[in-house]
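# Notes for the structure review
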Amino acid sequence: MSESLKGIGIGSKVAAGTTIVVRPAAGVDPNEPASTEADSPRVKQALKAVADSLTEQSALADDDAAGILLVGAQLAGDRSLAKKIDKKLAAGEGVTHAVHNAVDEFAQGLSALGGYMAERVTDLYDIRDRAIARLRGLPEPGIHLSKPAILVAEDLSPAQTATLDKSLVLGIVTAAGGPTSHTAILCSQRNIPAVVRAKGLDIDSFEDGTELVIDASTGTVHFDLPKDELNALQERAKKREDLLAGSSGPGATADGCHIQLLSNVASPDEAESEGVEGCGLFRTEFLYLDKESAPTFEEQVASYKTVLQEFSGKKVVVRTLDAGADKPLKFASQEVEENPALGKRGLRLSQAKSELLDTQLKALVAASEESDAELWVMAPMVSTEDEAIWFAERARAAGIEHVGIMVEVPAAAIRSANLLNHVDFASIGTNDLTQYTMAADRMQGDLGDLLDAWQPAVLDMIALCCEGADDAQAHVGVCGESASDPLMALVLAGLGVKSLSMAPARVPAVREVLKMHSIKQCQELARLARSAKSAQAAKQAVLQYADPRVKDIL
Ligand code: PEP
Ligand code: MG
């Protein structure tokens, strides 16, 4: 038997390759002595080595990545930065402190210039971290890819995951994270096979260049897997792919009950309209995260237009900015919160910074005027009727026709009929609805058993929301990760959900499984799942009574 680690698998693909370890930045040396004369040339040498390595990597990267790497190389060689560092050294600051503090000052200068220059601050911090690592004799932090590899990390930040070069990332393994953490969602979205929360993964002792195989369908990371076993895994994945290759058309049960199949979009350049009936969740955060200042009206119009035009003639559900908690914004920082997931996030942050929301709504209307997609707009983290009214009034005043809310908080699920009297539709965010129903932090992957939308209490919550939507005669869909689980899709259809939105690569399996069951069977499966004692028992019961052909596509 080969050695292996178990975790939570994202997707169903198999990946084989060598690893690159993403190391955290080491930071300044807390015990370093005051500077000496030798430090100035040492710093220059370190910065030159960083610049050279970035230039080298740029030669192997694609155009976009090469551009970014070359800007980094230029920044590392900037004369005024070197002067600032020399000044700090002359004042006696230790070598890593001098680099750290000089870069901070330099960054403030760039930020003040705004626009393109302000955006370079992230590149500058990257240079700082690399140079400090060299000065301390440690491996460079961050993600350095010049050839295809499997990334191994403690966890990746939303910005790191979003900016990965998909063509070079064969797969991802993380020690942290959970089934609905940002790394898991973005990997699913980009169809990158991943295992998150890999038990026993020790990043500190893990080496670059280790041969690994990721089996995302079982959440297993194999070391030294014999060739015949790798072939067997790859054949199984291929068989599944072949079964789904011809899948097309709108979503429907065997007896023709329409369940709209939609795709989630995390960034405009990855919007994918082929094979789906529209977009059910356009997460607009990408435009705001990791930025020094809010995106301008014009920048927003351009991005929204890209997505709306991709879905020409179809529906596009845009979620307004969902920041706070695990997605902090540099330019809308709140006081430090003890429990950010229960703090000012989602719509609550939009209420505190309503100018951000108003610009976004206006930009959406302007973009939709230049496309023939049907624009639907919803607010995240709505909890009360008053909040639903506040958002609906603002959105309609801006000219939005189809206004909705996300149901992610139990309060909204329980009183969905009341909330839906003021808006046109609801989209259930099962990632957060699970977190809040089970009182289990979705960032804390070791609570994975509770963070499972199969928990009967979560299914009851979804059922309540659907009943309310039915009373209010409003459309109700699901856009959390659970919508991409083919077995769960049957339960959701049985509970009354009318649309399912997921990562594009997941659509065929959900479509084919729905086709195998009538709506009555779905209702019966939903009843079985709700009457189970546990999440595991609920899923098992559905698997047992679903059509046996389902097993070939899971
Ligand atoms: C959800 O909570 O289910 C959801 C879709 O939103 P996010 O995962 O972006 O919080
Ligand atoms: Mg959410």
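Described below are features of the structure shown in this document. (Residues numbered from 1 in each chain as written. Chains lettered and ligands numbered in written order. Predicted model: local features only at pLDDT ≥ 70, side-chain atom pairs only at ≥ 80, totals over all residues. Heavy atoms only, no water.)

Below, the discussion takes up the coordination of the magnesium ion (ligand 2). Coordination of the magnesium ion (ligand 2) by the protein is provided by Glu408 (OE) and Asp432 (OD), with metal-donor distances spanning 2.0 to 2.1 Å. With Glu408 in the loop between strand E13 (402–407) and helix H14 (410–414) and Asp432 in helix H16 (residues 430–437), the pair connects residues that are 24 residues apart, well separated along the chain. With respect to class, Glu408 is no different from Asp432; both count as buried. (Donors = N, O, S within 2.8 Å, 3.2 Å for Na, K, Ca; no water. Helix = DSSP H or I, 4+ residues; strand = E, 2+ residues; numbered from the N terminus. Buried < 20%, exposed > 50% of the residue type's maximum accessible area, 1.4 Å probe, protein only.)

What follows covers the packing of helix H17 (residues 456–471) against helix H18 (residues 486–495). The geometry of H17 relative to H18 is characterised by a closest axis approach of 9 Å and an angle of 35° between their N-to-C directions. The crossing of H17 and H18 is right-handed. Of the residues in H18, those in contact with Leu459, Ile462, Ala463 and Cys466 of H17 are Met488, Val491, Leu492 and Leu495. Per-class residue counts for the contact of H17 with H18 are eight nonpolar, no polar and no charged. (Axes fitted to C-alpha atoms, helices over the stretch in contact; angles between N-to-C directions. Left-handed = near helix turned anticlockwise from the far one by under 90°. Contact = heavy atoms within 4.5 Å. Nonpolar A, V, L, I, M, F, W, Y, C, P; charged D, E, K, R; others polar.)

Attention now goes to the site of ligand 1. Close to ligand 1 lie 15 residues, the nearest being Arg283, Glu408, Gly429, Asn431 and Arg442. Here Gly429 contributes a backbone N or O atom positioned 3.4 Å from an oxygen atom of ligand 1. In the environment of ligand 1, an oxygen atom lies 3.0 Å from a nitrogen or oxygen atom belonging to the backbone of Asp432. Coverage of ligand 1 by the protein chains reaches 99% of its 290 Å² of free accessible surface. Listing elements by their share of the shell around ligand 1, those giving two or more residues are strand E10 (278–283) and H16. For the shell around ligand 1, the element with the most residues is H16, which contributes three residues. (Near = heavy atom within 4 Å. Polar contact = N/O pair within 3.5 Å; in protein donor to acceptor, adjacent residues only side chain to side chain. Areas by Shrake-Rupley, 256 points an atom, 1.4 Å probe, with all protein chains shown as cover.)

Turning to H17, a few remarks are in order. End to end, H17 covers 23 Å across 16 residues, agreeing with the expected 22 Å (1.5 Å per residue, within 8%). Note on H17: the residue one or two positions beyond its end, Gln473, has a positive phi of about 50°. (Expected span 1.5 Å × (residues − 1).)

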